[in-house]
Amino acid sequence: MIEYILTADRLNEAATVSMKATELEKDLNSYIRQEKILRHVLETTSRVTGAEFLKLLVCRLADALNMRYAYITECDEKNLSRVKTLAVWTGSEFGQNFEYDVMDTPCEEVINGNVCYIPDNIQKKYPRDLILAEWKAESYIGIPIRDKDDKVKGHLAVLDENVAHDEAFILNVLHIFALRAESELRRIQDDRKIAEQIDRYKESEAELKKKKEELEKVNAIVSAINSELNAKDLLQSVLEHTKFIQGVDKTTAILYDKNSGAFRLTASTDPEINKELHIELTPAEAHARYVEGNEEVYDDIYIISHVKGRCAEHKVAHLGLPASILAMRIRIQETVTGYLIFNNMNDQCAFNYQDIRLLALLKSHILSALIKIRMLEELTDLNGKKNEFLGMAAHDLRNPLQCLAGYINMMITDIRQDKLDPDSTLTDLECMRKSTVRMGRMLDELLDISAIESGQIRLQMEYGNLQSILYECVELHQRHAQQKNIQLSIDRTAHVPDMYLDRTRMIDVVDNLLSNAVKYTASGGSVDVSFRVGQESIVMQVSDTGLGLDETDLKEIFRSFKKLSAKPTGGETSTGLGLLIVKKILDKHGGSIQVESRKGVGSTFSISLPLTRHEKDVVL
């Protein structure tokens, strides 16, 4: 009995050893098989990278696990529940890559970070997964693919039409392939980042090159326009140098003219248009045509794509209407001084935004050049005025100085010869006094205009009466009028209310107007002064039957140092500053001066002052 038991134990022990040996042999064969698979994968994929590597990887995976389908995916960066395949093996060939949503599919669990092993009945568990149905899948195994931060970036999966066996082997092999896939995907991601950096560098390099070319163009144009010395040549130079703008057929410039109060055609690249320099647009017409309702692509730069039917079309239609316009408004200290107009005759979408940007870069340089030219013109004008005034002053001061010198020499001779006659000497001294008064008045006017233009004089505003000022001034000029046989009459019937004014300065205004009226009226003529009182203003009119002014005089009458064609009828002197001083004083009072005149008939000067102005101190 004992012998039987020993024999049974030995048999059980031998069976156990045999089973362990079988398991060890099985595990060993599995390891050997896994090692062969790994070596095979490494050998076949070591010489390829990227998409080619991923294709070989899924092909070798399916082959190693003896399963028909294998694929690798990558998650959408913006929507992690959606993936796209990077490589697909369908058993005999590589399939087309596709995208799909992992919801209600076995892939959802994998993308959530878990290994999914379903050896059979996969379609019953996921009836909404159309891919499973299309591939007639029975089994599914998936494993997540992670990045270096351990975040799921995709997954690796195998499917087959048969039931899956040997779970441990499949999962081990799948894990090995997943590690290899992760390594390659990270390398691809790094390569992608490097490629993006290289692309950004190339874009930056191209942008820098483009900007360099733009700056070279700008510098060349700036150099050219800065060499011009007048506005017309400057604008012509700008137009010639901006032909680089894509789509430009013709370029034109209009500039504001103070004399006409309108924008005048100043320059063009089209010789035919240059013959039409008489064309003018009012400020309202220019604004409506080039600014109002148009797209402002940059500050003061507008695109006009619908040209026909725009304001002032009748003035330019004979030059040929363009299909589209690019217009640059020129503003200096918020004042619109001109427009640069770039025309395309055929295309409503002709202008490239890149070229428009380059035009925007030029705008400040164009404005600077125009300001420089304006300053140069003003300096030239001031220099001309200075020379003109010096000539006038020398001429006007010479006569009284020569008169003084003559009387002084005669008196010295009489004293030396002991022939000095008191009565004759008194007469000579009176003449000398008059000469000094004339020179003093000329110097006072010169100092007045200098002080006014430099802002050194302040108006001392107080209640006063313009009518009483007139009466005071009439007394000073009545004798002069009688000496010339001129009838000086005043309308004393009007009731003129008090107002705020600078009495001293307003005496200068009235005195100047009366003096001019008597000075330029011949013997036997008349000077009449009247008032008109309104609800908001008072108007005083000084009318004479004097020499009158022509159209040229009327344009120059309120400018500095301008002597008019009319000459004083009694040999009186004139600096040409009086009316300018009058206008500036009235401007600062909020008033105005108007003149109506006919050559050989006479003139009427009308000054208007507001009744509602209450400033006590105004810088003149």
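Residues numbered from 1 in each chain as written. Predicted model: local features only at pLDDT ≥ 70, side-chain atom pairs only at ≥ 80, totals over all residues. Heavy atoms only, no water.

### Comments concerning the overall build of the protein
Part 1: Broken down by element type, the protein carries 16 helices and 22 strands.
Part 2: For the protein, the residues scored as buried account for 42% of the 620 residues in total.
Part 3: Look at the contacts in the protein between residues 6 or more apart in sequence, and 64% of them connect residues 24 or more apart.
Part 4: For the protein, the accessible area works out to roughly 34,600 Å², and carbon and sulfur atoms hold 51% of it. (Helix = DSSP H or I, 4+ residues; strand = E, 2+ residues; numbered from the N terminus. Buried < 20%, exposed > 50% of the residue type's maximum accessible area, 1.4 Å probe, protein only. Contact = heavy atoms within 4.5 Å. Areas by Shrake-Rupley, 256 points an atom, 1.4 Å probe, with all protein chains shown as cover.)

### Considerations on the sheet that holds strand 18 (residues 526-533)
Part 1: Strand order in the open sheet formed by 5 strands is 16-18-19-21-20, with mixed pairing between adjacent strands. Looking at which strands have only one partner, the edges of the open sheet turn out to be strand 16 (487-490) and strand 20 (592-598). Across the sheet, the axes of successive neighbouring strands diverge by a mean angle of 15°, strand direction being ignored.
Part 2: In the packing of helix 14 (residues 503-519) onto the sheet, contacts are made with strand 16, strand 18, strand 19 (537-544), strand 20 and strand 21 (602-610), and the angle to strand 19 comes to roughly 25°.
Part 3: Sheet strands in contact with helix 16 (residues 578-588) are strand 20 and strand 21, and its direction is about 140° off that of strand 20. (Pairing = 2+ DSSP bridges. Axes fitted to C-alpha atoms, helices over the stretch in contact; angles between N-to-C directions.)

### Examining unusual backbone geometry
Part 1: The phi angle at lysine 136 is positive, at roughly 55°, despite the residue not being glycine.
Part 2: Counting through the fold element by element, lysine 136 comes out in the loop between helix 5 (130-135) and strand 5 (139-146).
Part 3: A positive phi angle is found at asparagine 485, which is not glycine, with a value near 60°.
Part 4: Relative to the elements of secondary structure, asparagine 485 occurs in the loop between helix 13 (466-483) and strand 16.

### So, the sheet that holds strand 6 (residues 152-160)
Part 1: Taken in spatial order, the 6 strands line up as 3-2-1-6-5-4 in an open sheet, and their pairing is antiparallel. At either margin of the open sheet sits one strand with a lone partner, and together these are strand 3 (99-101) and strand 4 (116-118). Adjacent strand axes in the sheet meet at a mean angle of 25° when their direction is disregarded.
Part 2: The pairing of strand 1 (residues 69-75) with strand 2 (residues 82-89) spans 6 bridges and is classified as antiparallel. Bridged to threonine 73 within strand 2 is threonine 85.
Part 3: Packed on one face of the sheet, helix 2 (residues 50-65) meets strand 1, strand 2 and strand 6 and runs near 70° to strand 2.

### Examining the packing of helix 14 against helix 16
Part 1: Two numbers describe how helix 14 lies on helix 16: the axes approach to 9 Å, and their chain directions differ by 145°. Seen from above, helix 14 lies across helix 16 with left-handed handedness. Facing Arg505, Met506, Asp508, Val509, Asn512, Leu513 and Asn516 of helix 14, the residues of helix 16 in contact are Gly578, Leu579, Val582, Ile585 and Leu586. (Left-handed = near helix turned anticlockwise from the far one by under 90°.)

### Observations regarding the environment of isoleucine 301
Part 1: In this fold, isoleucine 301 is placed in strand 11 (residues 301-304).
Part 2: On the accessibility criterion, isoleucine 301 (0% relative accessible area) is buried.
Part 3: Once residues lying within four places of it in the same chain are set aside, the contact partners of isoleucine 301 are Glu295, Glu296, Leu326, Ala327, Met328, Ile356, Leu359 and Ala360.

### Examining empty space enclosed by the protein
Part 1: Tallying each qualifying case throughout the model produces 2 cavities of 30 Å³ or more.
Part 2: The wall of the largest cavity is formed by 19 residues, among which Thr252, Tyr290, Val316, Leu319 and Asn343 lie closest to the centre.
Part 3: Put simply, the parts of the chain that give the lining of the largest cavity at least two residues each are strand 7 (250-257), strand 8 (262-268), helix 9 (283-290) and strand 13 (335-344).
Part 4: Ranked by residue count, the leading element in the lining of the largest cavity is strand 7, at 3 residues.
Part 5: Here the lining of the largest cavity is built from residues that sort into 14 nonpolar, 3 polar and 2 charged.
Part 6: Reported here for the second largest cavity is a volume of approximately 40 Å³. (1 Å grid on protein atoms, 1.4 Å probe; cavity = no way out; pocket = protein on both sides within 12 Å on 5 of 7 lines; lining within 4 Å. Points joined across faces, edges and corners; volume = space filled by probe spheres on them. Nonpolar A, V, L, I, M, F, W, Y, C, P; charged D, E, K, R; others polar.)

### A closer look at helix 13
Part 1: The first and last C-alpha atoms of helix 13 sit 26 Å apart over 18 residues, in line with the 26 Å expected at 1.5 Å per residue.
Part 2: Among the residues of helix 13, those classed as buried are Leu466, Gln467, Ile469, Leu470, Cys473, Val474, His477 and Ala481.
Part 3: Of the residues that open helix 13, the one with a side-chain oxygen 2.8 Å from the backbone nitrogen of glutamine 467 is asparagine 465. (Expected span 1.5 Å × (residues − 1). Polar contact = N/O pair within 3.5 Å; in protein donor to acceptor, adjacent residues only side chain to side chain.)

### Here's the deal with the nonpolar core
Part 1: Leu470, Leu513, Leu514 and Met540 are the most contacted members of the largest nonpolar core, which has 39 residues in total.
Part 2: Aside from chain neighbours lying at most four places away, what touches leucine 513 is Met540, Val542, Leu579, Ile593, Phe605 and Ile607.
Part 3: Of all hydrophobic cores here, the second largest spans 30 residues; its members include Ala64, Trp89, Phe169 and Ile188. (Core = buried A, V, L, I, M, F, W, Y, C linked by side-chain atoms within 4.5 Å.)

### Topic: the pairing of strand 13
Part 1: With 8 of 10 residues buried, strand 13 is to be regarded as a mostly interior element.
Part 2: Direction of pairing for strand 7 relative to strand 13: antiparallel, over a ladder of 6 bridges. Across the sheet, alanine 253 pairs through a bridge with leucine 340, a residue of strand 13.
Part 3: Both strand 12 (residues 324-332) and strand 13 contribute to a ladder of 9 bridges, which runs antiparallel. Within strand 13, the position partnered with isoleucine 330 by the bridge is glycine 338.
Part 4: Counting the residues that bridge the hairpin from strand 12 to strand 13 gives 2 residues, and of these glutamine 333 lies at a positive phi of roughly 55°.

### Describing the pairing of strand 12
Part 1: Within strand 12, 8 of the 9 residues are buried, which leaves it mostly tucked inside the rest of the structure.
Part 2: Direction of pairing for strand 11 relative to strand 12: antiparallel, over a ladder of 4 bridges. When the sheet's bridge partners are listed, isoleucine 304 is paired in strand 12 with isoleucine 325.

### What to know about the packing of aromatic side chains
Part 1: Throughout the structure, instances matching the rule amount to 8 aromatic pairs.
Part 2: The residue whose ring lies beneath lysine 55 is phenylalanine 94, and the NZ or CZ to ring-centre distance is 5.5 Å.
Part 3: Just above the ring of tyrosine 471 sits the side chain of arginine 492; from NZ or CZ to the centre is 4.5 Å. (Phe/Tyr/Trp six-rings, centres within 6.5 Å; stacked < 30°, edge-to-face > 60°. Lys NZ or Arg CZ within 6 Å of the ring centre and 35° of its normal.)

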